[in-house]
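# Fold and geometry: a report
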Amino acid sequence: MLVLKSVNFEQQHFQHHQLAPTHPAQTEWMIGRSTTCHLVLSNPEVSRVHARIVYADEMYYFIDVGSTSGSLINGEAVPAHQKYLLHLGDLLQLGETFLYVEDLAPPVAPASTSPSAIEPVLSVPAANQPWNNEDLQCRCCRIVNETSDVKTFYFVAEPQKLFHYAPGQFVNLQVEINGQSVIRPYSISSSPTRPHYLSITVKRVASPPAQPGVPTGLVSNWLHDHLKVGDRVTLLGGSCGDFTCLPDLPPKLLLISAGSGITPMMSMSRWIQDTLVDCDVVFLHSARHIDDIIFQSELEIMSAQMPNFHLAVTLTQQPRGRAWMGFTGRISEVLLQLAVPDLHDRAVFVCGPDSFMQSVRSLLKTLQFSMQNYKEESFGSSPSTPMHSIPVEALQPVSERDTFTGQVSMMETAAPAIHFIKSEQRVPADGTASILEVAEQEGISIRHACRVGACGACKIRLHHGKVRYDASPKALSDMDEKAGYALACVAYPVNEVAIEA
């Protein structure tokens, strides 16, 4: 393991640190002022995330990730984003803190190290287990006001686990409001390169000005008004969604967002920043006013520090009384030509209100952009492109089958009906109501969130029978279908089906 001795002459503070893996595959450690770093240096001249230590080819390397004050090794400035091979006795300088390299042994589990000899970097026990697909209890550990109507909520798992997900994915958040359990999907705004916490960034939802009686966002506004540091929530299952730049990262990306649609874009951008991958990014964001630009300071710093990250922001309402050097107006052909002259060479990711995404989609089609390189993310609306109905034949429970015979049973030719196994009810169905709608009519509880097949919260096991979908359900994978699962909110019974509810 790498052992460093930190020396701060100004504060007369001396301390030993070990950089040991907290999970078997770890070969990278972050150093900075942020409490989420593996080695935390509280000096104000140290950037929030200042540098990385990477173990590769049986050697340790130091990389300055574009810090504000820079880094020195043995008195010489280290260029940003370049690897520097570490040797025993090297002296690193980050701000007013010096780090002396005392040991360069290969990474090993820290259990055998004497606690009195070396102080652990983390102030809490290291997480040993990754987050898979189980429900997870989490504690809110920090709340940040991003704008006047946007907050970021940070969560840690209890018991502690590492959050593993792809940048751009979302989670289904479950909270209790007025004695009722409510579930809503939220995009993750943090990066999987910082796995000890997970954050979501939530915008308060107001009623339309012309319709003050329209109900506002139930969960989003409850989070703003009631959730406090120390409160608990539940994340259902694992991370969800295919709105991610991985695993096949394009060499050039165009991220287009509006409003709170910026959150999955920030997750991808933070991942690109932390991993130093060779990917050229144009980040184009649309906001109403200057004060509505979420993550403005961080985005500007990323743009200044990362040569492969290009920020463009446009305001849809003219700024009054404040200087603005960016674009104004809605995203148009002229704006795209100015901000992204190589548009056709990029993969495009879009997230924002439905009307915004429809406008961008139409604009790209007008410009003859190859839509196979286009992805969008949306909750609470039907898929943008109508698709033919897709019948999905449910399978027998795994415990009762060894192979898939494809034989049609007598049950599959029966009149449409739903057998709710746990509730011991059999309800006739005419095929015009989804499984979820029928369950609600009968007072049978099936957890759900988006009601459009986008989030996966209503995934249920079918023991037999066949269902159809009016559009391809985004949150149901081929593996889910083969395992006999369906999405209750958008699945319509074709014959008699039996489900675990």
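My aim in this report is to walk through the structure given alongside it, one point at a time. Just so it is clear, the model here is predicted, and its values are computed rather than measured. (Residues numbered from 1 in each chain as written. Predicted model: local features only at pLDDT ≥ 70, side-chain atom pairs only at ≥ 80, totals over all residues. Heavy atoms only, no water.)

## Concerning the pairing of strand S14 (residues 170–177)
When you tally the buried positions in S14, you get six out of eight residues, the bulk of the element. Relative to strand S15 (residues 180–187), S14 runs antiparallel, the two sharing eight bridges. Bridging across to S15, Leu173 finds its partner in Arg184. Across four bridges, the pairing between S14 and strand S17 (residues 232–240) is antiparallel. Following the sheet pairing, Asn172 is matched in S17 by Leu236. (Buried < 20%, exposed > 50% of the residue type's maximum accessible area, 1.4 Å probe, protein only. Helix = DSSP H or I, 4+ residues; strand = E, 2+ residues; numbered from the N terminus. Pairing = 2+ DSSP bridges.)

## Things to note about the pairing of strand S23 (residues 374–377)
With four bridges joining them, strand S22 (residues 347–351) and S23 adopt parallel strand pairing. Paired with Cys351 across the bridge in S23 is Glu377. Handedness of the S22-helix H5 (residues 354–366)-S23 crossover: right-handed. (Right-handed = clockwise from strand over helix to strand, strands pointing away.)

## Focus on the nonpolar core
Ile418, Phe420, Ile435, Ile446, Val467, Tyr469 and Ile499 are the most contacted members of the largest nonpolar core, which totals 27 residues. Of all the elements in the fold, those that place two or more residues in this core are strand S25 (417–420), helix H6 (435–441), strand S27 (459–464), strand S28 (466–469), strand S29 (485–487) and strand S31 (496–499). Contacts of Ile499, omitting those with residues within four sequence positions, involve Ile418, His419, Phe420, Ile421, Ile435, Ile446, Ile460, Arg461 and Leu462. (Core = buried A, V, L, I, M, F, W, Y, C linked by side-chain atoms within 4.5 Å. Contact = heavy atoms within 4.5 Å.)

## Observations regarding the packing of aromatic side chains
Taken as a whole, this structure holds five aromatic pairs when the rule is applied. Centre to centre, the rings of Trp29 and Tyr60 are 6.4 Å apart; their planes meet at 40°, and the pair counts as tilted. Taken together, the residues span a long stretch of sequence, with Trp29 in strand S3 (residues 28–32) and Tyr60 in strand S6 (residues 59–64) at a distance of 31 residues. Judged on exposure class, the residue Trp29 and its partner Tyr60 are both buried. A ring pair is formed by Tyr154 and Tyr197, whose centres lie 5.4 Å apart and whose planes are at 50°; its orientation type is tilted. Of this pair, Tyr154 sits in strand S13 (residues 150–157) while Tyr197 is found in the loop between S15 and strand S16 (198–203), placing the two residues 43 residues apart along the sequence. Residue classification places Tyr154 among the buried positions, given a relative accessible area of 13%. Here a set of aromatic residues connected by ring pairs shows up, and it is made of Trp29, Tyr55 and Tyr60. (Phe/Tyr/Trp six-rings, centres within 6.5 Å; stacked < 30°, edge-to-face > 60°.)

## Quick notes on the side chain of Ser67
Mapped onto the secondary structure, Ser67 falls in the loop between S6 and strand S7 (71–73). Residue classification places Ser67 among the buried positions, given a relative accessible area of 11%. A distance of 3.1 Å separates polar atoms of two side chains, one belonging to Ser67 and the other to His50. A polar contact of 3.0 Å, which involves the side chain of Ser67, links it to the backbone nitrogen of Gly70. (Polar contact = N/O pair within 3.5 Å; in protein donor to acceptor, adjacent residues only side chain to side chain.)

## Some words on the sheet that holds S25
Sheet strands pair via backbone hydrogen bonds, and the direction of the pair is either parallel or antiparallel. Strand order in the open sheet formed by five strands is S26-S25-S31-S27-S29, with mixed pairing between adjacent strands. Each of the sheet's edge strands pairs with one partner strand only, and the pair in question is strand S26 (425–428) and S29. Neighbour to neighbour, the strand axes of the sheet diverge by 35° on average, direction disregarded. Where S27 lies against S29, three bridges are found, and the strand directions are antiparallel. Along S29, the bridge assignment pairs Ile460 with Ala486. (Axes fitted to C-alpha atoms, helices over the stretch in contact; angles between N-to-C directions.)

## Regarding helix H2 (residues 262–275)
Look at H2: 20 Å from first C-alpha to last across 14 residues, which is about the 20 Å you get at 1.5 Å a residue. In terms of residue burial, H2 counts as a mostly covered element, since 13 of its 14 residues are buried. After H2 finishes, the residue Leu276 shows a positive phi value of roughly 55°. (Expected span 1.5 Å × (residues − 1).)

## Considering the sheet that holds strand S12 (residues 136–147)
Spatially, S15-S14-S17-S12-S13-S16 is the arrangement adopted by the six strands of the open sheet, whose pairing is antiparallel. The two strands at the open ends of the sheet, each matched to only one other strand, are S15 and S16. Across the sheet, the axes of successive neighbouring strands diverge by a mean angle of 35°, strand direction being ignored. Running over the sheet, helix H1 (residues 218–226) touches S13, S14, S15 and S16 and is turned about 70° from S14.

## A short note on the environment of Phe356
Along the chain, the position of Phe356 falls in helix H5. With 70 residues separating them in the primary sequence, Phe356 and Ser286 have C-alpha atoms 9.4 Å apart. Sequence-distant contacts of Phe356, defined by excluding residues within four places in its chain, comprise Ile256, Ser257, Ala258, Ser286, Ile331, Val350 and Cys351.

## Some words on the pattern of salt bridges
In the structure shown here, the tally under the stated rule is 19 salt bridges. The closest approach of N and O atoms between Asp149 and Lys203, which form a salt bridge, is 2.8 Å. In this pair, Asp149 sits in the loop between S12 and S13 while Lys203 sits in strand S16, placing the two residues 54 residues apart along the sequence. Take Asp149: its relative accessible area is 16%, and that puts it in the buried class. For the salt bridge of Arg361 with Glu376, the shortest nitrogen-to-oxygen distance reads 3.0 Å. Residue Arg361 is located in helix H5, and its partner Glu376 is located in strand S23; the two are separated by 15 residues in the primary sequence. Neither Arg361 nor Glu376 differs from the other in exposure class; each is buried. Look at the salt bridges and you will find they share partners, linking Lys252, Asp280, Asp342 and Arg346 into a network. (Salt bridge = Lys/Arg side-chain N within 4 Å of Asp/Glu carboxyl O.)

## So, the environment of Thr328
Relative to the assigned elements, Thr328 resides in strand S21 (residues 327–328). Put simply, Thr328 and Ser286 are 42 residues apart on the chain and 9.0 Å apart in space, counted from C-alpha to C-alpha. When residues no more than four places from it in sequence are discounted, the contact partners of Thr328 are Thr314, Leu315, Gln318 and Pro319.

## Focus on the packing of H2 against helix H3 (residues 296–305)
One way to put it is that H2 packs onto H3 with a least axis distance of 12 Å and a crossing angle of 35°. In this structure, H2 crosses over H3, and the sense of that crossing is left-handed. Of the residues in H3, those touching H2 at Ile262, Met266, Ser269, Arg270 and Gln273 are Glu298, Leu299, Met302 and Gln305. (Left-handed = near helix turned anticlockwise from the far one by under 90°.)

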